[in-house]
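Spelled out from the first residue to the last, the chains are:
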Amino acid sequence: MAGSVYKQNPLHVFYFIPMKRRNFVFITVFILKLSINTNPSLAQSVQAAPSASDQNQILGPRQNASSPLNSVQQNAPPQASIPPGILTTYPSPPISPQGGQPAAITRGPPALFPDLFGVTSWLRRRGIGFHFDNTNEYAGALQAPTRGPHYGNYRQGSSNAGQYSANLNVDWEQLAGIKGFMTHMTTVGRYGTTANRMFGDWLAHSSEIYGGGGNVAVHLVSLYGEQSVFHGRLLIAGGRMSQMSDFASSPLFCSFQNNSFCGRPKAAADSTYYGSYPAATWAFRMKGRPRKDLYIQTAVYFAENGIYMNYQHRTGFKWNGANIVGYEIPVETQWEPKFGTNHDLPGHYKLGFVFDDVQRADNFYNTAGQSYYVYGGKQLMRKSSWQTYFMFDQKLMSYAHRPETSGLTFMGGYIYNSPHTSVRDFEVYGAFMSQGLIAGRPLDVLGAAFSYVSIAPGTRDTSIAMVEAGKYTGMPNHATGAQTNAQVLELDYSISVMRGVTFTPDFQYYMNPNGQKGLRNAAMLGFKSYVSFF
């Protein structure tokens, strides 16, 4: 049994492996030096309004939930026409537009009340952008759960979860003359629960908006400042930040509702130390562009214990850092080509690597080389861990005689985690999104997504060993049987009801819930609603 835990899959040989820390730091410093010396306008990628043909301009719930507004802007490609070149440097336009025009960072998605009593426009002229919205997600199982001696608490049912969110973006150059400086603040209030746990699944929430909000009226998600330097070629940020809103992120993920996909592919947030919306840690990030169609970014996020637990971060305002236990260093680069005869088929191709210097428990062994969960003893601790990923989205075609935003987009990716410390050693996913498929409905989006998650060998063998030993209590991940792999299929149709309001009927199908072949497949039906108030 123990010998099978870390057998290497030949398909994984070419992926990153743990490296000496000093070599990793050297590579990181080298990339930072390259970005500082050759960076073009990052300010354009952060603040320029997306063009009509950009897929990131598809508005709705994907600009909330786990992809806050500032994350959307950071992932938007540059819009200015820049001469081509391998390492072309060029000046950027000023952060604040000339003539007193509001900066793009103060612009939110279309709202039900776009200029409530003239307050919104008054604030924007002074460099202040405020946005308030609500996301609500409902799902219910269509069949009875698995019955058996170990499934006494399982039941058939439905649930509702949601959040209200407030985003505050300030352009301090426009407000107070502090050149190139911006601040971002996001707060949420969350409510409800998720239905998938009723039939035994703890790997992929049917309502991704659930959890982490502390059950308080106001939970701080993030609060940080950004400084544009070298005429916009480099952006430096620091403060309370969510790692998974900056890295391995996309505004398109929340075109869907299931947590295997929405927010980010679940394997990308497999570590409880990675700050994932609405959790944040102290962090410092640098992002730049050596080319018009390429960005490189890296950061240091200080890992904290209990960032998803009420006893540490119920309100999100605990800032003393007393529970910092290490750090994570992600490095990510994204290529942003535009294909097609008219260059109207944008794509985003992302490659990333994360090294974390945090002691994490081995998912199988104790210090004596035995199964920790079966034989007890002292759990083996690993000094560090890592993750690598490749993600992309590509618009495949535009629809004739429809708005530029219409068309068919495919996105996919692969995440691979260190098998020694993860629950999911890898995940592969793919999705299609078709906007404006029906004539006369240019903002509606039809979507289909599929994800496959592999349970890490150590986690899998732990569950098998416990079942063989007859120990069904205290199994990892709330398991009630052997865990191997899990798949989730999701279909939805986002209906643009009116400006600032979308309603999305949603169907989800779980195969091997909780990664357990012993649990019957589960079909769920529900909806997501989104209202952008102002």
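Residues numbered from 1 in each chain as written. Predicted model: local features only at pLDDT ≥ 70, side-chain atom pairs only at ≥ 80, totals over all residues. Heavy atoms only, no water.

1. Some details on the overall build of the protein
For step 1, the next point in the chain: In terms of helices and strands, the protein carries 9 helices and 19 strands.
For step 2, the next point in the chain: Taken over 534 residues, the protein has a buried fraction of 58%.
For step 3, the next point in the chain: A fraction of 71% describes how many contacts in the protein between residues 6 or more apart in sequence connect residues 24 or more apart.
For step 4, the next point in the chain: Total accessible area on the protein stands at roughly 21100 Å², and carbon and sulfur atoms take up 63% of it. (Helix = DSSP H or I, 4+ residues; strand = E, 2+ residues; numbered from the N terminus. Buried < 20%, exposed > 50% of the residue type's maximum accessible area, 1.4 Å probe, protein only. Contact = heavy atoms within 4.5 Å. Areas by Shrake-Rupley, 256 points an atom, 1.4 Å probe, with all protein chains shown as cover.)

2. Quick notes on unusual backbone geometry
Peptide bonds are, in most cases, trans, and in most cases residues other than glycine have a negative phi.
For step 1, the next point in the chain: The omega angle of the peptide bond from Y277 to P278 is 10°, so this bond is cis rather than trans.
For step 2, the next point in the chain: Of note, P278 is situated in the loop between helix 6 (243-246) and strand 6 (281-291).
For step 3, the next point in the chain: Even without glycine at this site, H343 takes up a positive phi of about 50°.
For step 4, the next point in the chain: The class of H343 is exposed, set by a relative accessible area of 53%.

3. Examining the packing of aromatic side chains
For step 1, the next point in the chain: Applying the stated rule across the entire model yields 26 aromatic pairs.
For step 2, the next point in the chain: Taking 5.9 Å as the distance between ring centres and 40° as the angle between the ring planes, the aromatic pair formed by F132 and F533 counts as tilted. Taken together, the residues F132 in strand 1 (residues 128-141) and F533 in the segment after strand 19 (522-532) connect sequence positions 401 residues apart.
For step 3, the next point in the chain: Look at F132 and you get partly exposed, because its relative accessible area is 24%.
For step 4, the next point in the chain: Overall, the relative accessible area of 26% leaves F533 in the partly exposed class.
For step 5, the next point in the chain: For the ring pair W386 and Y416, a centre distance of 5.7 Å and an interplane angle of 65° mean the geometry is edge-to-face. (Phe/Tyr/Trp six-rings, centres within 6.5 Å; stacked < 30°, edge-to-face > 60°.)

4. Comments concerning the layout of surface pockets
For step 1, the next point in the chain: Computed from the structure, the largest pocket encloses a volume of approximately 1600 Å³.
For step 2, the next point in the chain: K266, D270, S271, T272 and Y308 are the residues nearest the centre of the largest pocket, which is lined by 48 residues in total.
For step 3, the next point in the chain: Sorting the residues of the lining of the largest pocket by element identifies strand 3 (181-192), strand 11 (360-366) and helix 9 (457-468) as the ones contributing at least two each.
For step 4, the next point in the chain: It is strand 11 that provides the largest number of residues to the lining of the largest pocket, a total of 4 residues. (1 Å grid on protein atoms, 1.4 Å probe; cavity = no way out; pocket = protein on both sides within 12 Å on 5 of 7 lines; lining within 4 Å. Points joined across faces, edges and corners; volume = space filled by probe spheres on them.)

5. Focus on the nonpolar core
For step 1, the next point in the chain: Formed by 27 residues in total, the largest nonpolar core has its most connected members in F261, Y389, M391, M411 and I415.
For step 2, the next point in the chain: The biggest single contributor to this core is strand 15 (residues 424-435), with 3 residues.
For step 3, the next point in the chain: In this structure, M411 is in contact with S250, L252, F253, F261, F392, D393, Y429, G430, A431 and M433, ignoring residues within four places of it in sequence. (Core = buried A, V, L, I, M, F, W, Y, C linked by side-chain atoms within 4.5 Å.)

6. A word on helix 9
For step 1, the next point in the chain: Compared with an ideal rise of 1.5 Å per residue, which puts 12 residues at 16 Å, helix 9 spans 16 Å between its outermost C-alpha atoms and is within 8% of the ideal.
For step 2, the next point in the chain: Three or more residues of helix 9 are buried, namely P457, G458, T459, D461, T462, S463, A465 and M466.
For step 3, the next point in the chain: Where the residues of helix 9 are buried, they touch strand 11, helix 8 (372-375), strand 15 and strand 16 (445-455).
For step 4, the next point in the chain: Looking one or two residues past helix 9, G470 carries a phi angle of roughly 75°, positive in sign. (Expected span 1.5 Å × (residues − 1).)

7. Focus: the state of the cysteines
For step 1, the next point in the chain: Counted according to the given criterion, the structure contains 1 disulfide.
For step 2, the next point in the chain: Two residues share a disulfide in this structure: C254 and C262, whose sulfurs sit 2.2 Å from each other. Taking the torsion about the S-S bond as the criterion, the C254 to C262 disulfide, at about 100°, is right-handed. With respect to burial, C254 and C262 carry one shared label: buried. (Disulfide = S-S within 2.5 Å.)

8. What to know about the side chain of E137
For step 1, the next point in the chain: With respect to the helices and strands, E137 occurs in strand 1.
For step 2, the next point in the chain: In this structure E137 comes out as buried when scored by relative accessible area, which is 0%.
For step 3, the next point in the chain: A polar contact of 3.4 Å, which involves the side chain of E137, links it to the side chain of K528.
For step 4, the next point in the chain: Contacts of E137, omitting those with residues within four sequence positions, involve S159, N160, A161, S207, E208, I209, Q257, F527 and K528. (Polar contact = N/O pair within 3.5 Å; in protein donor to acceptor, adjacent residues only side chain to side chain.)

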